[in-house]
Amino acid sequence: MDRQRSAVALLASTGVLFAIYPILRPYSSEVGRAGADAFASPLWIAAHVSAMIGFITLVLALRALNVGTVADVTTLVGVGLVLPYYGAETFALNVLGTDALDTGDYTVVDLAEPIRYGMTQSVMFGVGLVAIATGAVLAARRSACWQGWVFAAGFVLFLPQFFAPPWLRIAHGLLILAGAALLAARTFERQEISTTTGA
């Protein structure tokens, strides 16, 4: 029962963190002064750190749900590949933005592109998100409930949403929140039934 309660709390945390991420994230053209303002904003740090912690709570939530070793390991490997990219996105770009505002040299913001889109980091990031999506789908199959599929949909769509406008990215974060809340509620319901029946 303690494990199920942990799963409920971790699912709720995961949903909230991934909803916070696109809501707080500053949006701009990400070039010149506009890019510097976005990258240097404290909200840039807060939003991306929320996502990083969300990936960690996702791994812990699936572990607590007992979705199976393959789903656990696949998700863990995916998160391990994604987090270095998020670290660079969060902190390196923040330094670029801050330096550009301090010096007035906005050309340094152009360094965001090679930081983000170098071959190694792009492959790691893409493979990591595919692995996370795969882990979420495996977890949904194991959960044997429609709520699990709503939850999985958010992670299947994680990579495509990067190419969407801000409003759709925010909607994606709310989809993960909804899926996490639904799966948490279903897990809590199963716990209550199990407690009532003594199973």
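Look up a bit, the structure's there.
Keep in mind the model is a prediction, meaning the values are calculated, not measured.

Parameters at a glance
- Residues numbered from 1 in each chain as written.
- Predicted model: local features only at pLDDT ≥ 70, side-chain atom pairs only at ≥ 80, totals over all residues.
- Heavy atoms only, no water.
- 1 Å grid on protein atoms, 1.4 Å probe; cavity = no way out; pocket = protein on both sides within 12 Å on 5 of 7 lines; lining within 4 Å.
- Points joined across faces, edges and corners; volume = space filled by probe spheres on them.
- Helix = DSSP H or I, 4+ residues; strand = E, 2+ residues; numbered from the N terminus.
- Nonpolar A, V, L, I, M, F, W, Y, C, P; charged D, E, K, R; others polar.
- Phe/Tyr/Trp six-rings, centres within 6.5 Å; stacked < 30°, edge-to-face > 60°.
- Buried < 20%, exposed > 50% of the residue type's maximum accessible area, 1.4 Å probe, protein only.
- Expected span 1.5 Å × (residues − 1).

This part is about the layout of surface pockets. Picture a little ball the size of a water molecule; that probe, rolled over the atoms, points out where space is still empty. Of the pockets and cavities examined, the largest pocket occupies roughly 550 Å³. For the lining of the largest pocket, the secondary structure elements donating two or more residues are α4 (69–103), α5 (112–117) and α6 (119–143). A per-class count over the lining of the largest pocket returns 13 nonpolar, five polar and seven charged. The space that makes up the second largest pocket amounts to roughly 280 Å³. Around the second largest pocket, the lining is made up of 16 residues, and of these Leu 65, Asn 66, Ser 143, Thr 187 and Arg 190 lie nearest the centre. Counting residues per element, the ones that place at least two in the lining of the second largest pocket are α1 (2–24), α3 (42–65), α6 and α8 (166–197). The element that contributes the greatest number of residues to the lining of the second largest pocket is α6, accounting for five residues. Residues belonging to the lining of the second largest pocket are distributed by class as follows: eight nonpolar, five polar and three charged.

The next point concerns the packing of aromatic side chains. Scanning the model with the defined rule gives 13 aromatic pairs in all. Aromatic side chains Phe 55 and Tyr 86 sit 5.6 Å apart centroid to centroid with 65° between the ring planes, which places their arrangement in the edge-to-face category. Here Tyr 86 lies in helix α4 and Phe 55 lies in helix α3, a separation of 31 residues in the sequence. Considering the side-chain rings of Phe 55 and Phe 158, the 5.4 Å spacing of their centres and the 50° angle between planes classify their relative orientation as tilted. With a gap of 103 residues between them, Phe 55 in helix α3 and Phe 158 in the loop between α7 (146–156) and α8 connect regions that are remote in the sequence. The same class applies to Phe 55 and to Phe 158, which are both buried.

A word on empty space enclosed by the protein. Inspection of the entire model under this criterion finds one cavity of 30 Å³ or more. Considering the residues around the largest cavity, the lining is formed by Phe 18, Tyr 21, Pro 22, Phe 158, Gln 161, Arg 169, His 172, Gly 173 and Ile 176. Mapped by element, the contributors of at least two residues to the lining of the largest cavity are α1 and α8. Ranked by residues supplied to the lining of the largest cavity, first place goes to α8 with four residues. Split into classes, the residues belonging to the lining of the largest cavity amount to five nonpolar, three polar and one charged.

So, on to α6. When the terminal C-alpha atoms of α6 are compared, their 36 Å separation across 25 residues agrees well with the 36 Å that a helix rising 1.5 Å per residue should span. Restricting attention to buried positions, one finds in α6 the residues Phe 125, Gly 126, Gly 128, Leu 129, Ala 131, Ile 132, Ala 133, Gly 135, Ala 136, Ala 139, Ala 140 and Ser 143. Phi turns positive, to about 55°, at Ala 144, one or two residues after α6.

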